[in-house]
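A structural walkthrough
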Amino acid sequence: MLTVNNVYLESTDKDRLKTNAMLYSYFRTALRSLLKNKVFSLLNILGLAIGMACCMIIFQYVTYEKSYDKFHPGYEDIYRVQYNNYKNGTIVFESAAAVPAVGKAMKENFPEVIDYSIAYPTSGIVTYKDRNFREAKIQLATPSWLTMFNWPLLRGDINTALEGPKKMVLTESSAKKYFGDEDPMGKHIFWSNGWFDQEYLITGIVKDVPNNSHVKFDMLASHASLREPSDGSSETAWGWYDHNTYVSLQPGTDPADFDKRFADYLYSIRGENFEANNSLQEFLLQPITDIHLKSALLQESEPQENGDAQSVYFLGILAIFILVIAWVNYINLASAKSMERAKEVGVRKVLGAHKTQLIRQFIVESILVNLIGALLSLLIVLLALPYFNELTGSILSLGLIFNSGTWILIVGVFLIGAFLSGVYPAFVLSSFKPVTVLKGKLGASGSNVTLRKVLVVFQFCASVVLIAGTLIVYKQLTFLKNQDLGFDMAETMVLRGPSVIQVDSLFDNYLEGFKNEVARESSIMGVSTSTNVPGNEIFWTNGAKRTEQPDTDFKTIYNVGIDFDYVTNYEIEVVYGRNFDRDFATDSAAAILNVAATQFLGFESPEDAIGKRVTHAGIEKEVIGVLDNYNQMSLKSTVSPILYRLIPSGNSFFSLKLQGGNAARTAEAVKLAWDNFFPGNPMDYFYLDSFFNRQYAKEDQFGSVFSIFSGLAIFISCLGLFGLSAFSALQRTKEIGIRKVLGATVPNILLLLSREYIWLILISVIIGVPLTFWVMENWLSNFAYRTNIGWAIFVIASAMIFVVALLTVSYQTLRTARANPSNTLRDE
């Protein structure tokens with residue numbers, strides 16, 4: 001005898017079996033439908049697979065770009081101190097490097113400041129036994145650098161490793177490079193850069209810095225090793241602003257409120273100094289997670305690696321566009337095929353199928369298509385990621401895609417996409433009345449056709465935006481690289497100056513001997529030395545004013561030390577006065593300004609500055625020449641005011657002007673001379689054009705990525721258009737046959753079948769052009785120098801859309817138009 005529980009269990013089992021059988025039936029029918037319509041199924045699956053793959057790759061790239069510095073514990077409460085300097089109420093500069101005193105002042109006077117840390121970036125030649133390398137990523141850091149950021153220390157004491165002078169912590173890679181399998185702890189390493197020429201004790205080994213860190217280092221030296229500047233110690237100076245300063249705050253602290261309160265405190269202790277000099281210092285807290293994408297200040301830690309938030313958001317929107325276009329394809333093709341499946345629906349309804357069952361059936365079909373597309377997209381991602389990483393310099397991997405958070409997003413996107421792309425066709429198909437269908441009286445639904453047209457307009461409007469946007473990006477990049485920069489950087493080989501100098505008093509002799517030696521090479525036209533070269537950010541600044549002005553008018557100006565040949569070698573135009581000249585012994589006390597500096601210092605005109613005196617770093621100098629403005633940095637920034645001093649023995653950069661010849665042989669000849677005059681110094685050189693253009697690396701990457709994915713989006717749109725045109729031509733086969741019998745030509749038929757799409761594309765262009773103009777104008781506003789968009793861009797983009805669309809449509813329509821009418825009418 002069955003109990004109530006047994007009856008319930010038996011009923012539940014039956015319901016479960018019934019549900020399983022129903023689902024099996026749905027999937028079997030869906031699979032049969034896919035196999036029956038192979039071309040349409042392939043178009044849908046391929047479009048969805050490419051769309052999902054693009055979306056996954058771009059999403060991972062965007063996620064990676066936004067992940068910078070989030071590996072630090074408590075990163076939400078760590079800030080970099082931004083330093084803004086004002087003179088006479090006008091901002092002079094905005095710098096990522098602050099003065100060393102600010103961190104200590106915040107910690108000692110504001111209880112919400114848990115800790116602060118300072119890092120001074122520098123470089124030099126590091127030697128251990130017979131191994132020596134030029135190191136570009138050395139940070140002189142306070143002991144709290146390790147504890148506040150919690151850099152994972154593998155060896156040593158995290159609290160004392162950077163305590164006191166002449167201590168050094170190496171990354172794993174650096175330790176391996178210098179010591180191999182030898183234990184570096186307790187060993188000494190020699191570091192020279194012309195300032196810090198001394199041995200350092202190895203007190204720790206830290207893990208290599210992750211790629212998604214805004215600041216990179218290979219070595220950490222103790223900040224206490226710094227020489228004291230003239231205005232105080234290395235941690236209490238208010239005027240030496242080369243130090244990156246970070247603070248960690250108590251959770252919940254409002255940074256904007258903190259900025260205001262610190263400004264009040266600063267004025268209370270330095271207000272008299274500010275008023276006496278008509279100046280003002282401002283310190284603002286900048287979240288470390290904003291630095292990579294939202295910061296473009298002076299003295300950024302890694303200025304060439306910093307990204308651009310707007311570009312990243314553009315790519316995120318592009319990913320959504322691509323995926324939506326793929327879903328639109330499915331909706332378009334499924335609704336277009338509804339007429340063909342009408343009889344199937346009628347028969348099912350006559351046999352007792354309910355509308356809800358039919359809706360489930362068609363949604364299952366959508367899920368199956370999206371599932372196959374998703375699996376195929378993973379294969380595409382696997383194959384495409386290495387090429388994408390090479391293109392963008394990223395380190396994306398499938399491991400990032402397979403983390404739990406990403407999986408939730410992927411599954412969510414898949415389910416949403418399957419539902420959204422399946423729900424409209426499902427409701428359209430399930431709404432057919434069996435009597436009307438089986439009598440053959442079902443016509444094309446007006447709402448169905450209208451939706452398809454709207455979706456086609458959306459796809460090609462997006463295509464117009466993408467094509468025109470890509471052309472504008474490339475036009476801007478070409479504009480930046482082909483502008484007259486005001487100097488000649490072609491065929492210029494630049495050597496980084498020596499750091500290890502055995503006999504300082506004889507350096508001038510070594511330098512002159514080196515110049516004479518390399519000048520004997522027929523491929524070298526000239527040699528010059530300087531403290532800086534174009535494309536390298538100037539860190540050397542001093543106060544300057546016209547000598548007759550009061551001391552309150554001192555302004556911070558950039559300095560470059562050059563020799564007699566620098567201006568000539570770089571072909572910089574002397575617009576007024578003259579260049580430094582060996583025949584004038586007084587030039588050591590002279591100065592040259594660029595046009596921007598004459599305006600900055602308040603001369604009536606560039607010509608007016610000639611013969612006038614300026615006080616610079618406390619020393620009077622006569623202005624003997626004015627150089628035309630040239631772009632020291634990229635065209636993303638404006639020309640800065642620069643004062644040039646004569647330093648014939650400057651040892652930061654040696655610029656060699658070449659005149660063709662074998663570059664490799666020239667480099668070998670230069671190295672022989674280098675090793676002869678500067679032994680113990682590894683020769684490090686670059687070619688100026690590549691060095692300068694590296695500033696556009698991020699824009700180049702953005703242009704390449706944007707154009708590739710835009711092309712894929714357009715390709716997906718064409719897949720859908722190909723399917724729609726093929727179906728439309730198939731539906732009108734009988735009509736075409738009759739028209740041909742009545743004398744219509746193939747061109748007539750082509751125009752007939754293409755006319756609808758021409759109108760849709762025209763509407764897309766009308767909507768897409770102003771939208772593109774608005775979006776790209778906003779993007780171009782980020783550049784100090786920019787191209788004009790012009791109407792030619794939109795004409796080209798529109799023409800490309802028309803050509804691509806008509807070629808896509810014409811293939812199938814031409815095939816139908818050329819068919820023999822006797823065959824088509826017989827089939828009907």
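Placed above this text is the structure.
Residues numbered from 1 in each chain as written. Predicted model: local features only at pLDDT ≥ 70, side-chain atom pairs only at ≥ 80, totals over all residues. Heavy atoms only, no water.

Details of the overall build of the protein
The condition that has to hold: Labels follow the DSSP assignment, with helices taken as runs of H or I lasting at least four residues and strands as runs of E lasting at least two, numbered in each case from the N terminus. Contact criterion: two residues are considered in contact whenever any of their non-hydrogen atoms come within 4.5 Å of each other. Note on areas: Shrake-Rupley with a 1.4 Å probe; residue coverage comes only from the protein chains shown.
Scanning the protein from terminus to terminus reveals 24 helices and 22 strands. Restricting to contacts in the protein with at least 6 residues of sequence separation, those with at least 24 account for 80%. For the protein, the exposed area adds up to about 37400 Å²; of that, 58% sits on carbon and sulfur atoms.

Here we look at the nonpolar core
Using the following cut-off: Joining through side-chain atoms within 4.5 Å is the link that ties buried Ala, Val, Leu, Ile, Met, Phe, Trp, Tyr and Cys residues into a set, and such a set is a nonpolar core. The classification of residues rests on relative accessible area computed with a 1.4 Å probe and restricted to protein chains. Under 20% of the type maximum is buried, over 50% is exposed, and intermediate values are partly exposed.
One finds Phe487, Phe580, Tyr644, Leu688 and Phe709 to be the most contacted residues of the largest nonpolar core, which totals 109 residues. Per-element tally for this core: the top contributor is helix α2 (residues 38-65), with 15 residues. Ignoring sequence-local partners within four residues, the contact set of Phe709 consists of Cys54, Ile57, Ile58, Leu318, Ile322 and Phe388. Grouped together as the second largest cluster of nonpolar side chains are 24 residues, Tyr79, Ile118, Phe274 and Leu285 included.

Here's the deal with the side chain of Ser717
Relative to the assigned elements, Ser717 resides in helix α20 (residues 697-731). Taking relative accessible area as the criterion, Ser717 reaches 0% and is therefore assigned buried.

Thoughts on the environment of Thr787
Examined against the element boundaries, Thr787 turns out to sit in the loop between α22 (746-780) and α23 (791-817). Exposure remark for Thr787: the relative accessible area of 7% places this residue in the buried category.

Examining a nonpolar patch on the surface
Put simply, the rule is: A residue counts toward a patch only above 30% relative accessible area and without a salt bridge, and it is joined to like-charged neighbours within 9 Å or, for Val, Leu, Ile, Met, Phe, Trp and Tyr, to nonpolar neighbours within 5 Å. Salt-bridge detection follows one rule: a side-chain nitrogen of Lys or Arg within 4 Å of a carboxyl oxygen of Asp or Glu.
Side chains of Trp759, Leu762, Ile763, Ile766 and Ile767 sit close together on the surface and give an oily, nonpolar patch of about 490 Å² of accessible area. Among the secondary structure elements, Leu762 is positioned in helix α22. Judged by relative accessible area, which is 34%, Leu762 ranks as partly exposed.

Let's talk about the pairing of strand β13 (residues 524-530)
For the record, the criterion: Whether two strands pair comes down to DSSP finding at least two bridges between them.
For β13, a buried count of 6 out of 7 residues is recorded, marking the element as mostly surrounded by other parts of the structure. Where β13 meets strand β21 (residues 653-658), 6 bridges bridge the pair, whose relative direction is antiparallel. When the sheet's bridge partners are listed, Gly526 is paired in β21 with Lys657.

Quick notes on helix α15 (residues 507-519)
Applicable threshold: Given a helix with a known number of residues, its expected span is that number minus one, times 1.5 Å.
Counted at 1.5 Å a residue, the expected span for α15 with its 13 residues is 18 Å, and the 18 Å between its end C-alpha atoms agrees. Here α15 has its buried residues at Phe507, Leu511, Gly513, Phe514, Lys515 and Val518. Here the buried face of α15 lies against β12 (492-496), β13, β21 and α18 (663-677).

Here's the deal with the packing of α15 against α18
Going by this rule: To obtain an axis, a line is fitted to C-alpha atoms, over the contacting stretch when the element is a helix, and the angle between two such axes runs from 0 to 180 degrees between their N-to-C directions. For classification purposes, an angle smaller than 35 degrees is called roughly parallel, one larger than 145 roughly antiparallel, one from 65 to 115 roughly perpendicular, and anything else oblique. Whether a crossing is left-handed or right-handed is set by the direction in which the near helix is turned from the far one by less than a right angle, anticlockwise for left-handed and clockwise for right-handed. Gly falls in the polar group here, along with every residue not listed as nonpolar (Ala, Val, Leu, Ile, Met, Phe, Trp, Tyr, Cys, Pro) or charged (Asp, Glu, Lys, Arg).
Closest axis-to-axis distance for the α15/α18 pair is 10 Å, and the angle between their directions is 160°. Relative to α18, the element α15 lies roughly antiparallel. The two elements α15 and α18 meet at a crossing, and its hand is right-handed. Only Val670, Ala673, Trp674 and Phe677 of α18 make contact with α15, whose side of the interface consists of Tyr510, Gly513, Phe514, Glu517 and Val518. The residue inventory of the contact of α15 with α18, partitioned by class, reads 7 nonpolar, 1 polar and 1 charged.

A few points about the packing of aromatic side chains
Where we set the bar: Aromatic contacts are taken between Phe, Tyr and Trp rings whose centres are within 6.5 Å, Trp giving its six-membered ring; a plane angle under 30 degrees counts as stacked, one over 60 as edge-to-face, and the others as tilted.
Under the criterion given, the structure shown has 45 aromatic pairs. Between Phe507 and Phe678, the ring centres sit 6.1 Å apart and the planes meet at 40°, which makes this aromatic pair tilted. One end of the pair, Phe507, is in helix α15; the other, Phe678, is in the loop between α18 and β22 (685-687), and 171 residues separate them in sequence. Phe678 carries the same exposure label as Phe507, and that label is buried.

Considerations on the side chain of Glu300
Selection criterion: Think of a polar contact as two N or O atoms within 3.5 Å of one another; within protein, one of them needs to be a possible hydrogen donor and the other a possible acceptor, and neighboring residues in sequence only count if both atoms come from side chains.
Locating Glu300 in the fold gives a position in the loop between α7 (288-294) and α8 (309-336). What makes Glu300 buried here is its relative accessible area of 6%. A distance of 2.4 Å separates a polar atom in the side chain of Glu300 from a polar atom in the side chain of Ser295. Every residue in contact with Glu300, bar those within four places of it in the chain, is listed here: Arg80, Ala96, Ile291, Ser295, Asn306 and Glu537.

Structural notes on the pairing of strand β6 (residues 167-171)
Across the 5 residues that make up β6, a large majority, 4, are buried. Here 5 bridges tie β6 to strand β8 (residues 198-206), and the two strands are oriented parallel to one another. Note on β8: the bridge partner recorded for Leu170 is Ile205. Of the strand pairs in this sheet, β6 and strand β9 (residues 219-222) are connected by 3 bridges, and their pairing is antiparallel. Looking at the pairing, Val169 lines up with Leu220 of β9.

Regarding the pattern of salt bridges
By the definition in use, this model includes 26 salt bridges. Among the ionic pairs, Arg546 bridges to Glu548, the shortest N-O distance being 3.0 Å. Across the pair Arg582 and Asp565 runs a salt bridge whose closest N-O atoms are separated by 3.0 Å. Note that Arg582 is positioned in the loop between β16 (574-577) and β17 (590-594) and Asp565 in the loop between β15 (555-562) and α16 (566-569), a separation of 17 residues in sequence. Take Asp565: its relative accessible area is 22%, and that puts it in the partly exposed class. If you follow the salt bridges from partner to partner, you end up with Glu112, Asp257 and Arg261 in one network.

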